[in-house]
Amino acid sequence: MKRIGFVVFILMLVLSTTVSGVEIGANFKIGNLGLGTGTKVPTKFSASNFDWGFNLSANQPMSDNFNIEVGLDYDPILRNLGYTQVQYKTSIVTLGIGPFFGLFNSSQTPLKSGLSTSVRLEAPGLAFVSFKADSSIGGGIAVSGDYLQERNEASIGFYVHNAICSFNLDTKTFEEKDKSTTVSSEFSEYSFKVDLFKKNVPYNLVLNFAYQELTKSDDTTKAVLNSIVLGTKMTVPVAKGIKAVVDLESNLYSFGKKDLSPTIPNDRYLFRMSVGTIINLEELNGKKESP
């Protein structure tokens, strides 16, 4: 996984220095509000287990209406994945499609193919609705090492003065065959987000109030962690063409269900956090002014 990340990072770095218009994004994620990444299903929550992940992405405009986006993720739920989308954009509709890959998640299946699709419909300045689906295709889970990945995002939002409000549903699923047992990890989030902005002000703040359900199960045991979280995401310019991004989700209340102990420790701070940067090549080279 580390070798994959290093290779993709170098490719993105080369791309950013050779092609104008590229926007590079990178972030690192860590948190203790999870159930672990192994195949063991816990029956007691531990705040001492820290899950981590990262994301690398690049976005390249190809014309006024077309752009291409590529990315590499390591996610505590979905594990290793890569994707590419070619997107067609107008003021009203955005359509995207491209390949989606599971990468080296098992020695038996080093590459798992899939499809990434997205659609967004917008009444400019009034409201929007968007959907995105990434999913493995072909073959089931029959022998040890087989797995399936799925990620879905749906949003409906509206514009108010200096803010974009949206209701969102995000789901992730990773299902794998481990010897004679099928292990499934699932994550669902129901959220209300407020994206605050002001014209000619470079800072951006997103507030997120969400209910999350994290599930891990095998053929005999099922652990469910339910959480109410408050999130704050800040994007701040730090130099010309470079922005810093900090996203913090703080747990307000959690409880366990099914085979997970219902008591969640309240003497520990439970959180998920990501820190990263966005680099715009044109702004960095002085060819485009920041908005």
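Residues numbered from 1 in each chain as written. Predicted model: local features only at pLDDT ≥ 70, side-chain atom pairs only at ≥ 80, totals over all residues. Heavy atoms only, no water.

Let's talk about the overall build of the protein
Operational definition: Put simply, DSSP marks the helices as runs of H or I at least four residues long and the strands as runs of E at least two long, and each gets a number from the N terminus on. Each radius of gyration is computed over the set of C-alpha atoms, and the globule rule expresses the reference value as 2.2 Å times the number of residues to the power 0.38. Relative accessible area decides the class of each residue, using a 1.4 Å probe on protein chains only: under 20% of the type maximum gives buried, over 50% gives exposed, and in between gives partly exposed. Residues are treated as being in contact if the distance between any of their heavy atoms lies within 4.5 Å. In this description, accessible areas are obtained by the Shrake-Rupley approach with a 1.4 Å probe, and a residue is regarded as covered only by the protein chains that are shown. We score Asp and Glu as negative and Lys and Arg as positive, and we do not count His or the chain ends. Each charge is placed at NZ for Lys, CZ for Arg, CG for Asp and CD for Glu.
Looking only at helices and strands, the protein features two helices and 14 strands. The globule rule puts the C-alpha radius of gyration for 291 residues at 19 Å, and the 20 Å found for the protein is close to it. Its C-alpha atoms put the protein at 60 × 40 × 35 Å along the principal axes. Counting every position in the protein, which comprises 291 residues, the buried fraction comes to 40%. Sequence-distant contacts in the protein: of pairs separated by 6 or more residues, those separated by 24 or more amount to 53%. For the protein, the exposed surface amounts to about 15,400 Å²; the carbon and sulfur share of it is 61%. The centroid of the 28 positive side-chain charges in the protein is displaced by 3 Å from the centroid of its 28 negative side-chain charges.

Observations concerning the packing of aromatic side chains
Test applied: Only centres within 6.5 Å qualify two rings of Phe, Tyr or Trp (six-membered ring in Trp) as a pair; their planes then separate them into stacked at under 30 degrees, edge-to-face at over 60, and tilted for everything else.
Counted according to the given criterion, the structure contains 10 aromatic pairs. Look at Tyr 147 and Phe 174: their rings are 5.5 Å apart centre to centre, the planes differ by 20°, and that puts the pair in the stacked class. Here Tyr 147 is found in strand β8 (residues 147-160), whereas its partner Phe 174 is found in strand β9 (residues 163-178), with 27 residues between them in sequence. Among the residues examined, Tyr 147 registers a relative accessible area of 1% and is labelled buried. Relative accessible area serves as the criterion here: at 1%, Phe 174 is assigned to the buried category. A centroid spacing of 5.0 Å and a plane angle of 45° characterise the contact between Phe 167 and Phe 192, whose relative ring orientation is tilted. With Phe 167 in strand β9 and Phe 192 in strand β10 (residues 181-196), this pair connects stretches of sequence that are 25 residues apart.

With respect to the environment of Asn 152
Quick note on the threshold: Pairing of N or O atoms within 3.5 Å defines a polar contact, subject to two protein rules: one partner must be a possible hydrogen donor and the other a possible acceptor, and residues neighboring in sequence count only if both atoms are side-chain atoms.
With respect to the helices and strands, Asn 152 occurs in strand β8. The sequence separation of Asn 152 and Lys 132 amounts to 20 residues, and the corresponding C-alpha distance is 5.6 Å. Setting aside residues no more than four positions away along its own chain, Asn 152 makes contact with Lys 132, Ala 133, Leu 169, Asp 170 and Thr 171. Within the local environment of Asn 152, its side chain forms a polar contact with the side chain of Glu 150, the two groups lying 3.1 Å apart.

Here's the deal with the pattern of salt bridges
For clarity, the cut-off: Salt bridges are identified by distance alone: a Lys or Arg side-chain nitrogen within 4 Å of an Asp or Glu carboxyl oxygen.
Counted according to the given criterion, the structure contains seven salt bridges. Among the ionic pairs, Arg 151 bridges to Asp 73, the shortest N-O distance being 3.1 Å. Here Asp 73 lies in strand β3 (residues 66-75) and Arg 151 lies in strand β8, a separation of 78 residues in the sequence. Pair check on accessibility: Arg 151 and Asp 73 agree, each one buried. For Asp 75, the salt bridge goes to Lys 172, with nearest N and O atoms at 2.9 Å. With Asp 75 in strand β3 and Lys 172 in strand β9, this residue pair connects regions lying 97 residues apart in the sequence. Exposure remark for Lys 172: the relative accessible area of 22% places this residue in the partly exposed category.

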